Amino acid sequence: MTCQPTIVPPPEAVDIAALRERYLHERDKRVMREATNQYVRATGEFEDVYAQDPHTAFQPRESISEDLDVAILGAGWTGLLAAYHLKNAGITNFRNIDHSGDWGGVWYWNRYPGLQCDNDAYCYLPLLEETGFMPTKKFSAGYEIYDYFKLIVKKFNLGGAALFQTLVTGLRWDDSIQRWHVTTDRGDDIRARHVIMANGLLNIPKLPGIPGIAEFKGKMFHTSRWDYEYTGGNNRDPQLDKLADKRVAIIGTGATSVQAVPYLGKYTKQLYVLQRTPSTVDKRNNPSTDPEWVQTLQPGWQQERKKNFHRQAMEGIPTPEPDLICDIWTEITRNLAEEFTAEGWPALTAEQAVARREQMDYRVMERLRARVDGLVQDKDTANALKPWYRYLCKRPASNDDFYPTFNRPNVKLIDVSATRGVECMTEKGFIANGVEYEIDCMIFASGFEVSSDLDRRWGIDVIEGRNGKSLYDHWRDGYTTLHGIMTRGFPNMYFTGYVQSALNASTTEQMDLHDRQIAYIIKELNHRGVTAAEPSQEAQDAWVQHMRETAYDASAFTRECTPSYFNGESAEKPRSYAGDVYGPGWYAYETVLKNWRDGGNLDGLETTNV
Ligand code: NDP
């Protein structure tokens, strides 16, 4: 079926100047000087309650002391794809090391009711053509993704050496043996020639630093540690029947909460949804995979689909090509393409194109706000649920049951924006807008350490390169790398994802490219008998300079946004969770890496053969 544009108000019905003023006003209400410091780490007294693994019983084991070719920190998508590409490159002496009890990364930890991927599964799930697997729906359930991890591990025989329930606490380069000492909370000393940092972005839960949080005597847990013992049900069949006599509150209305709230609303005696900033929530439209469509797919279809997704969602350049994805991520580009078609594809200057996109952004947000009125009966509740910011200031969501849940008599939305969050917790519950609410359980849908400082986000106590230099100090004033993958002074250490590289609309595609590049580098180093490699100062400086010269400055946009992890919780000093982003874009970045590989000389790397 051809993808249709959405119906948005005409340009003349949208007063952009007035809306912009309203957006800035709402942003100012939410700005907090503390930025990411408003959150507390889920460690120490909070560790037991919020960070323990509810999914896998602890398995004691002996400490390991060994030499290893490659330690891969993480067993989520990045770690799995690293293992896959290493194996394809003929490197087999590697271990994935992960705090979790199994493969899956975020899909291991997050099992809350209603969990689905918000991205098109035919793009998001990697290696579909290689495995022959086909997701059952456009948006996969969390457990389908978790199962798919297992399928990949089994099919490509990647799992044998993985170390689970193992938290890496230290990484120290040892020049005398030309290896990294990888130390863990299990007393291991793994001497790894190479270390791949596949440690993810959404791996460490964060808690709002609400005064009195430790006073509460009832049950508490973070959504990424869902306690089905307490709620009843399980992630494949989330009938939360043990909540029938419980008063529950959930903090947060981000992508997680939007999916969990309908289940909580259905099963609890009383649900309080504590909202500081509303999300945009569009309809879901999650059709089952059409077997006839599958029959039509030709080899290379997944890459083509990913390209289509990236062009529509990330590059945002309307073209006459069809929108294969047809969801919340591609709406603005799709709508513009429809209008440009009607106008005979006018030649626009860059400024005009940006202005048209901005106008469509305001029109789409008007549509989304009107949608709330159509679904929520109580006018005050509907108004409180309306988002006042530009699209993509916060991560968009889609769910058919979120708004109707607020029509249930047992569900109450509590707007805590006036106090910039929940005022305080007490022994019996919480205080919001001066009123104490007694509850049995508090659920934190408060997100992850995404845009905090690196040491907090990674949670590894010590990362020391040559001469004991800390990586956290090394990057204190900004990232310095070659291609976002290696940095001088930290030999044989490889970074993935969000340091200094381009962004792809499919996170997994982004990680896959880095993993492929890293596997290539390690293979070549092994082939040449190299024991240590790091960027030369010149090559690193050149890359940093190139990044700066070609950077696309999005700070004007992010400064005007309501705080979120997208702008580092600070509208005043925005900081992208994505690190330094390569201005020329994804395909230019891919070409840089390919040309570098094609050069065949490991250009810009200084190598040691001991
Ligand atoms: P978010 O960080 O997006 O949301 C946290 C929520 O907690 C926000 O609503 C925030 O409010 C609120 N909050 C924080 N502190 C307080 C406070 N003191 N008082 C009241 N409210 C507070 O976390 P999520 O877990 O929802 O999502 C994290 C990310 O995980 C997503 O953006 C997405 O990338 C990923 N995810 C992906 C999914 C998918 O693909 N299926 C599903 C779910 C998550 P405020 O906005 O005001 O800061």
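Not measured: the values here are computed from a predicted model. (Residues numbered from 1 in each chain as written. Predicted model: local features only at pLDDT ≥ 70, side-chain atom pairs only at ≥ 80, totals over all residues. Heavy atoms only, no water.)

Q: How would you summarise the side chain of N286 if you had to cite specific residues and measurements?
A: The topology assignment puts N286 in the loop between β11 (281-282) and α10 (291-296). Engagement of the side chain of N286 in a polar contact is seen with the backbone nitrogen of K138, the distance being 3.2 Å. Within polar-contact distance, the side chain of N286 engages the backbone nitrogen of F139 at 2.8 Å. Apart from the residues lying within four places of it in its own chain, the contact partners of N286 are Q116, K137, K138 and F139. (Helix = DSSP H or I, 4+ residues; strand = E, 2+ residues; numbered from the N terminus. Polar contact = N/O pair within 3.5 Å; in protein donor to acceptor, adjacent residues only side chain to side chain. Contact = heavy atoms within 4.5 Å.)

Q: I'd like a rundown of the domain arrangement of the chain, residues and numbers included.
A: Taken domain by domain, the chain holds domain 1 (31-60 + 208-234 + 241-279 + 414-447) and domain 2 (65-204 + 451-608). If you average the C-alpha positions of domain 1 and of domain 2, the two centres end up 30 Å apart. With 28 residues of domain 1 at the contact, the number on the domain 2 side is 27 residues. Regarding the contact of domain 1 and domain 2, the summed buried area is about 2,400 Å², with carbon and sulfur atoms giving 49% of it. Where domain 1 packs against domain 2, one counts zero salt bridges. Run the count over domain 1 and domain 2 and you get ten residue pairs in polar contact (both at pLDDT 80 or more). Among the secondary structure elements, those contributing two or more residues to the side of domain 1 that touches domain 2 are β1 (39-41) and α9 (255-267). The element best represented in the side of domain 1 that touches domain 2 is α9, accounting for five residues. Class assignment of the residues belonging to the side of domain 1 that touches domain 2 gives a composition of 13 nonpolar, eleven polar and four charged. (Domains from an automatic or database assignment. Buried area = accessible area lost by both parts, 1.4 Å probe. Salt bridge = Lys/Arg side-chain N within 4 Å of Asp/Glu carboxyl O. Nonpolar A, V, L, I, M, F, W, Y, C, P; charged D, E, K, R; others polar.)

Q: How would you summarise the environment of V258 if you had to cite specific residues and measurements?
A: Among the secondary structure elements, V258 is positioned in helix α9. Between the C-alpha atoms of V258 and K155, which are 103 residues apart in sequence, the distance is 34 Å. Beyond its immediate sequence surroundings of up to four residues, V258 is in contact with T253, S279, V281, A397, N399 and F402.

Q: Would you mind going over the sheet that holds strand β16 (residues 435-438) in detail, with residue names and values included?
A: Judged by pairing direction, the sheet is antiparallel, and its three strands sit side by side in the order β14-β15-β16 without closing on themselves. Each edge of the open sheet is held by one strand with a lone partner, namely β14 (424-425) and β16. For β14 and strand β15 (residues 429-432), the ladder comprises two bridges, and the chain directions are antiparallel. Counted as the bridge partner of C424 is I431 from β15. (Pairing = 2+ DSSP bridges.)

Q: I'd like a rundown of the nonpolar core, residues and numbers included.
A: One finds W77 and I196 to be the most contacted residues of the largest nonpolar core, which totals 90 residues. For this core, the domains that each give at least three residues are domain 1 (31-60 + 208-234 + 241-279 + 414-447) and domain 2 (65-204 + 451-608). For I196, the contacting residues outside a window of four places in its chain are V70, A71, I72, L73, A82, L86, Y494, T496, D515, I518 and I522. Within the second largest apolar cluster, 28 residues are counted, among which are A71, I190, V195 and M493. (Core = buried A, V, L, I, M, F, W, Y, C linked by side-chain atoms within 4.5 Å. Buried < 20%, exposed > 50% of the residue type's maximum accessible area, 1.4 Å probe, protein only.)

Q: Go over the site of the ligand with me, naming the residues and quoting the values.
A: Around the ligand, a shell composed of 27 residues is seen, among which R30, Q116, T256, T277 and Y565 lie nearest. Taking G254, its main chain carries an N or O atom lying 3.4 Å from an oxygen atom of the ligand. In isolation the ligand offers 910 Å² of accessible surface; the protein chains occlude 91% of this area. In terms of residue count, α9 provides more of the shell around the ligand than any other element does, three residues in total. Along the lines of polarity and charge, the residues of the shell around the ligand split into twelve nonpolar, ten polar and five charged. Here the shell around the ligand spans two domains, and each of domain 1 (31-60 + 208-234 + 241-279 + 414-447) and domain 2 (65-204 + 451-608) adds at least three residues to it. (Near = heavy atom within 4 Å. Areas by Shrake-Rupley, 256 points an atom, 1.4 Å probe, with all protein chains shown as cover.)

Q: Can you lay out the state of the cysteines for me, pointing to particular residues and giving the numbers?
A: Counting across every chain of the model gives two disulfides. Across a sulfur-sulfur distance of 2.0 Å, C3 and C326 are joined as a disulfide pair. Its S-S torsion of about 85° marks the bond between C3 and C326 as right-handed, since a negative value means left-handed. Of this pair, C3 sits in the segment before α1 (16-30) while C326 sits in the loop between α11 (301-315) and α12 (331-342), and the two are 323 residues apart along the sequence. On the accessibility criterion, C326 (27% relative accessible area) is partly exposed. The disulfide bridge from C393 ends at C561, spanning 1.9 Å between sulfur atoms. On the sign convention where negative is left-handed, the bridge of C393 and C561, at about -75° about the S-S bond, is left-handed. (Disulfide = S-S within 2.5 Å.)

Q: Account for the pattern of salt bridges, with residues named and values stated.
A: All chains considered together, the criterion is met by 41 salt bridges. Among the salt bridges present, the one from D327 reaches K138, with a minimum N-O distance of 3.4 Å. Taken together, the residues span a long stretch of sequence, with D327 in the loop between α11 and α12 and K138 in the loop between α6 (128-131) and α7 (142-155) at a distance of 189 residues. Comparing D327 with K138, the two get one shared label, buried. For the salt bridge of D598 with K594, the shortest nitrogen-to-oxygen distance reads 2.7 Å. Of the two residues, D598 and K594 are both situated in helix α21 (residues 586-599); the distance of four residues between them amounts to about one turn of the helix. Judged by its relative accessible area of 52%, D598 falls in the exposed class. Several salt bridges converge on common partners, so that one network encompasses D120, K138, R305 and D327.

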